[in-house]
Amino acid sequence: MIISVMNYKGGVGKTSISWNLGCFYNLSFRENDPYGSLDLLSGTNTTLNYSNIENNCIYDFAGFTDELTYKVLEKSDVVIVPTLNSLLDVKNTINTINYAKKYCKNIIFVINRYKNGSDITELVDFIKKHTGINQYVVINDSKGVLNAINSKKSIFALSEEKNLNKHTYKSILECFNKLIRKVEECLKN
Ligand SMILES: Nc1ncnc2c1ncn2[C@@H]1O[C@H](COP(=O)(O)OP(=O)(O)OP(=O)(O)O)[C@@H](O)[C@H]1O
Ligand SMILES: [Mg+2]
């Protein structure tokens, strides 16, 4: 399985999502970001080498796509595009989705860091209208994401640790489970 996670540089959640999905599926990690941190988290060399595009791998593309990025995208089973819940972020997100869909038919966008009560209908409709992509998942804003990163564990592993954690991480875990279900749907296509 190859999963790509991409959007512009600047904290939309690419690395957090890559980390959690990569751990869930037991994938290797690759990143094209000199400031990336998946090497630190995974304790492995995560340098992306376009002449050796590995299978069973998650690719975290941080903003700077280049003329070879498509080589990974066209081999990807799914491309995940996280965005924040703001119309300010949406132009870049639309450009990213429209670029990715040239090479991969399975695109999921993620409205990340969702805060209860905020209205995302307009944002979602806008993205759908300008990309034709309908598959999306909402991921809540949750301390659990940071806790997972800081403990070098996935949200799945963290929530399994103690009974208390199960309760604490219930809603963020459900968000990631929804993302997993969407990925699984894409794998069937
Ligand atoms: N759902 C979430 N809830 C709370 N915090 C989050 C969530 N997703 C990401 N964050 C936090 O936002 C920050 C940026 O996330 P992350 O590093 O995953 O983004 P990125 O897209 O990889 O950024 P960059 O473009 O700099 O590589 C991190 O501190 C992370 O813990
Ligand atoms: Mg990152």
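Scroll up to find the structure.
Quick notes on the rules
- Residues numbered from 1 in each chain as written.
- Chains lettered and ligands numbered in written order.
- Predicted model: local features only at pLDDT ≥ 70, side-chain atom pairs only at ≥ 80, totals over all residues.
- Helix = DSSP H or I, 4+ residues; strand = E, 2+ residues; numbered from the N terminus.
- Buried ≥ 20, exposed ≤ 12 C-beta atoms within 10 Å, placed from the backbone.
- Contact = placed C-beta atoms within 7 Å.
- Pairing = 2+ DSSP bridges.
- Right-handed = clockwise from strand over helix to strand, strands pointing away.
- Axes fitted to C-alpha atoms, helices over the stretch in contact; angles between N-to-C directions.
- Near = placed C-beta within 6 Å.
- Nonpolar A, V, L, I, M, F, W, Y, C, P; charged D, E, K, R; others polar.

**Student:** Now, about the overall build of the chain: what can you tell me, with residues and values included?
**Tutor:** Helices and strands together make up the secondary structure of the chain, namely nine helices and six strands. In terms of overall dimensions, the chain has a C-alpha envelope of 45 × 40 × 35 Å along the principal axes. Taking all 189 residues of the chain together, 40% fall into the buried category. In the chain, the proportion of contacts linking residues at least 24 apart, taken out of those at least 6 apart, comes to 70%.

**Student:** Lay out the pairing of strand 6 (residues 136-140) in plain terms, naming residues and giving numbers.
**Tutor:** In this structure, strand 5 (residues 107-114) lies alongside strand 6, joined through four bridges in parallel fashion. Considered in strand 6, the bridge of Tyr114 is made with Asn140. Once you follow strand 5 into helix 5 (residues 121-131) and on to strand 6, the crossover reads as right-handed.

**Student:** With reference to specific residues and values, describe the environment of Val90.
**Tutor:** You can see Val90 is positioned in helix 4 (residues 87-100). Residues Val90 and Ile127, spaced 37 residues apart in sequence, show a C-alpha to C-alpha distance of 7.2 Å. Discounting chain neighbours no more than four positions away, the residues touching Val90 are Thr83, Leu123, Phe126 and Ile127.

**Student:** Please provide a residue-by-residue account of the sheet that holds strand 6, values included.
**Tutor:** Read from one edge to the other, the open sheet built from six strands follows the order 2-3-1-4-5-6, with strand pairing classed as parallel. Every interior strand has two partners, whereas the edge strands, strand 2 (28-31) and strand 6, have only one. Strand-to-strand twist across the sheet, computed as the mean angle between neighbouring axes with direction ignored, equals 20°. Taken together, the six bridges between strand 1 (residues 2-7) and strand 3 (residues 57-62) define a ladder with parallel strand orientation. The partner of Ile3 across the bridge, within strand 3, is Ile58. Set on the sheet, helix 1 (residues 14-25) makes contact with strand 1, strand 2, strand 3, strand 4 (78-84) and strand 5; between it and strand 3 the angle comes to about 180°. In the packing of helix 9 (residues 170-188) onto the sheet, the strands contacted are strand 4, strand 5 and strand 6, and the crossing angle to strand 6 comes to about 160°.

**Student:** Break down the pairing of strand 1 for me, with residues and values.
**Tutor:** Within a regular strand, side chains alternate between the sheet's two faces. Counting buried residues in strand 1 gives six out of six residues, a clear majority hidden from the surface. In strand 1, alternate side chains face the same way, and those of Ile2, Ser4 and Met6 on one face and Ile3, Val5 and Asn7 on the other are all buried. In the sheet, strand 1 pairs with strand 4 via three bridges, with the strands oriented parallel. Looking at the pairing, Ile3 lines up with Val78 of strand 4.

**Student:** Please set out the site of ligand 1 residue by residue, giving values where relevant.
**Tutor:** Lining the immediate environment of ligand 1, one finds 19 residues, of which Gly11, Gly13, Lys14, Thr15 and Ser16 sit closest. Listing elements by their share of the shell around ligand 1, those giving two or more residues are helix 1, strand 5 and helix 6 (143-150). Broken down by class, the residue content of the shell around ligand 1 amounts to six nonpolar, eight polar and five charged.

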